[in-house]
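Listed here are the chains, written in short residue letters.
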Amino acid sequence: MTRYSAWSVFKNGLSGHKNWGRAWRDPEPKTEYDVVIVGAGLHGLATAYYLSKNHGVKNIAVVEKGWLGGGNAGRNTTIVRSNYMMPGNRDFYEHSLQLWENLSHDLNYNVMFSQRSHISLLHTPAARDGAARRYNTMRLTGTDAEIWDLETLKREVPHLNYNNARFPIMGAAVQRRAGSARHDAVAWGYARGADQHGVDIIQNCEVTGVNRDGGKVTSLETSRGTIKAGKVGFAVAGNTSRLWGMAGLGKLPIETHKLQAFVSEPLKPLLDQVVVFGVGGAHFYISQSDKGGMVFGGDLDWYKSYAQRGNLPIVQDVAECATSIMPCLGRVRLLRHWSGVMDMSMDGSPFICKTPVDNLYLNAGWNYGGFKASPASGWHFADLIANDRAGRKIEHFNLQRFERGINIDERGAGPDPKLHG
Amino acid sequence: MIRINCPFCGERDHSEFAYGSDASIEYPALDASVEEWHEAVFLRENIRGMQSETWHHVNGCRSWLVIERDTMTHEIKSVRPAHNGYASALTAAPKDTGSEAGEQE
Ligand SMILES: Cc1cc2nc3c(=O)[nH]c(=O)nc-3n(C[C@H](O)[C@H](O)[C@H](O)COP(=O)(O)OP(=O)(O)OC[C@H]3O[C@@H](n4cnc5c(N)ncnc54)[C@H](O)[C@@H]3O)c2cc1C
Ligand SMILES: [Zn+2]
């Protein structure tokens, strides 16, 4: 497999870039693996990569019902940040951001991670106080954080609606190390990295049944035959409840909801940062891709859904937010919009944990935060699977936390999955 | 757009309604065990397919409704008032007089 470098680009240039090798193999499934990860999204691929790289596990497969990166991995708005406050989330997301900072080098694949600043607009004194508390907590625990006054904000982001807004902008809470990345490249980079370490990535291979012998999973039924497995990890984003059901395990603190995203026609450079707008009922985030498209999104569709298609009321909401915060976008045309289905958990926080079945491990409940989390999620899920115990950074992400009253509810929204925006 | 046929107001866009929750949940008695409350408050079947759920006609008659809806196709199979009292009021009063009463208000 070629190592990508300036030299390899030059060399392949000599033959018109027609002779690049495959980035990963397309193997037939073997009958048996030591570890099978279900779901080739970012979390599944990262897990396989770190299992092989950090823990030397050899015989690993990732099985995917569609094509790798075709789920939420390739549908998100690519925001990466670590401005979480709650114990449990704080350390975990900061670790993820640190992994992002070196990810392109580690994978030898340019994931275009761009630390362009994440700017949450503030509109009321109460919001500013809340942000100051959160951002001070971040600073006290080793993460960069700033509160900007209006003058600084106007200088850094000149195109916002400073004149005429229903809720005038007062300033912003800013994390400069946050930013965005190219989501497809992250999936491909992890896939290539895992493949180089010998992981079989098997696409078009849907898991349709989970065979158990009492307290253990023995094999998976798939659309490409039965695959025996020593250990199994689920990383299937919005489909967790279905796989959980196949394993005969009953209910979960999860509902499946869909989230839409939007991209406009390409524009000349307009917005250098990620900007977030949330006041009253509004919820909106926007950035500009390297190709020039304005990439943005808002709330969930509010009702439970497994359909990977969005509905019109959110299109309207999001368009209203866009024009109220950046009126200059009024005549910009929308190029595409789409949706993905995600596990919304009861407190908005994830699960990386053991399950009632001995050799079955769960990675789920990623809500809105699953893109930024993927490096750390893979890192710690791999550690959990390899060592059969939860490391310190994920010890809170278990299924028992609701019984024990230690929910990790960043938003304080209570046990209603659709509210954890 | 999903269209919901409210038994009081007729067929409307779903943007008039707020999604509530899973209507199959039965809340246990106040002094029930922690396990029973934990299950009712936090655990969900999360069906892909036909499920029974509550919706609130918040920008309409403000009634709570129980709707059978497919979570994969969004097809709606049935809509009925959530409270039995409403349901009997509905059968007692024919629908057209209901809307006249609304106009007189
Ligand atoms: C519109 C949108 C915007 C978002 N924006 C952001 C953002 O800005 N920042 C952020 O941090 N997060 C964001 N997220 C969340 C993030 O994208 C997800 O939480 C994350 O991608 C989920 O993990 P994944 O990549 O592993 O999921 P996926 O890519 O969905 O991977 C799961 C895989 O499992 C496969 N699968 C399912 N069932 C089976 C089966 N039976 N057999 C085999 N395979 C199966 C699926 O096909 C899929 O490929 C956004 C999500 C959406 C939808
Ligand atoms: Zn009504």
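First, a word on scope: everything that follows refers to the structure included in this document. Just so we're clear, the structure is a prediction, and the values are computed from it rather than from any experiment.

Side note on the site of ligand 1
Residues and elements named next belong to chain A. Taken together, 36 residues sit near ligand 1, with Glu64, Ala73, Thr77, Tyr368 and Lys372 positioned nearest. Between an oxygen atom of ligand 1 and a main-chain N or O atom of Asn72, the distance comes to 2.8 Å. Between Phe371 and ligand 1, the recorded distance is 2.9 Å, taken from a backbone N or O atom to an oxygen atom. Coverage of ligand 1 by the protein chains reaches 96% of its 1,000 Å² of free accessible surface. Breaking the shell around ligand 1 down by element, the ones donating at least two residues are α2 (42-55), β12 (254-266), β16 (334-345) and α10 (370-387).

A look at the coordination of the zinc ion (ligand 2)
Residue and element names in this part refer to chain B. Bound to the zinc ion (ligand 2) on the protein side are Cys6 (SG), Cys9 (SG), His57 (ND1) and Cys61 (SG), at distances that span 2.0 to 2.4 Å. Every donor counted, the 4 donor atoms about the zinc ion (ligand 2) form angles of 102 to 120 degrees at the centre, which fits tetrahedral coordination. When the donors of the zinc ion (ligand 2) are listed by position in the chain, the intervening gaps give C-x2-C-x47-H-x3-C. Placement of Cys9 in the loop between β1 (3-6) and β2 (10-13) and of His57 in the loop between β4 (50-56) and β5 (64-70) is noted, with a sequence separation of 48 residues between them. Exposure remark for Cys9: the relative accessible area of 24% places this residue in the partly exposed category.

What to know about the layout of surface pockets
All names here are of chain A. Computed from the structure, the second largest pocket encloses a volume of approximately 640 Å³. Lining of the second largest pocket is provided by 25 residues; of these, Arg182, His183, Ser289, Lys291 and Val295 occupy positions nearest its centre. In terms of residue count, β12 provides more of the lining of the second largest pocket than any other element does, 4 residues in total. Taken together, the residues of the lining of the second largest pocket sort by class into 7 nonpolar, 11 polar and 7 charged.

What to know about unusual backbone geometry
Residue and element names in this part refer to chain A. The phi angle at Thr78 is positive, at roughly 60 degrees, despite the residue not being glycine. With respect to the helices and strands, the residue Thr78 is situated in the loop between β2 (60-63) and β3 (79-80). Unusually for a residue other than glycine, Trp302 sits at a positive phi of about 75 degrees. According to the relative accessible area criterion, Trp302 is partly exposed, its value standing at 32%.

With respect to the pairing of strand β11 (residues 225-234) of chain A
Residues and elements named next belong to chain A. Sheet topology places strand β1 (residues 32-38) next to β11; 6 bridges connect them, and they run parallel. From the neighbouring strand, Val35 faces β11, where its bridge partner is Lys231. Bridge count between strand β10 (residues 216-222) and β11: 4 bridges; the pairing is antiparallel. Bridging across to β11, Thr222 finds its partner in Gly225. A loop of 2 residues connects β10 with β11, the two strands running antiparallel in sequence. The pairing of β11 with strand β18 (residues 360-364) spans 3 bridges and is parallel. In the strand pairing of β18, Phe234 is matched with Leu362.

Some points on the sheet that holds β4(B)
All names here are of chain B. Ordered by their spatial adjacency, 4 strands build an open sheet running β3-β4-β5-β6, and the pairing between neighbours is antiparallel. Every interior strand has two partners, whereas the edge strands, β3 (18-22) and β6 (76-81), have only one. Each strand of the sheet is rotated relative to its neighbour by a mean of 30 degrees, with strand direction disregarded. Examined bridge by bridge, β5 and β6 share 5 bridges and lie antiparallel to one another. Looking at the pairing, Glu68 lines up with Ser78 of β6.

Here we look at the pairing of strand β17 (residues 351-354) of chain A
Residue and element names in this part refer to chain A. Relative to β18, β17 runs antiparallel, the two sharing 4 bridges. Looking at β18, one finds that Cys353 is bridged to Leu362. Linking β17 back to β18 in an antiparallel pair, the connection comprises 5 residues.

What counts and how
Residues numbered from 1 in each chain as written. Chains lettered and ligands numbered in written order. Predicted model: local features only at pLDDT ≥ 70, side-chain atom pairs only at ≥ 80, totals over all residues. Heavy atoms only, no water. Near = heavy atom within 4 Å. Polar contact = N/O pair within 3.5 Å; in protein donor to acceptor, adjacent residues only side chain to side chain. Areas by Shrake-Rupley, 256 points an atom, 1.4 Å probe, with all protein chains shown as cover. Helix = DSSP H or I, 4+ residues; strand = E, 2+ residues; numbered from the N terminus. Donors = N, O, S within 2.8 Å, 3.2 Å for Na, K, Ca; no water. Tetrahedral: all angles 85-135°; square planar, octahedral: opposite > 155°, others 65-115°. Buried < 20%, exposed > 50% of the residue type's maximum accessible area, 1.4 Å probe, protein only. 1 Å grid on protein atoms, 1.4 Å probe; cavity = no way out; pocket = protein on both sides within 12 Å on 5 of 7 lines; lining within 4 Å. Points joined across faces, edges and corners; volume = space filled by probe spheres on them. Nonpolar A, V, L, I, M, F, W, Y, C, P; charged D, E, K, R; others polar. Pairing = 2+ DSSP bridges. Axes fitted to C-alpha atoms, helices over the stretch in contact; angles between N-to-C directions.

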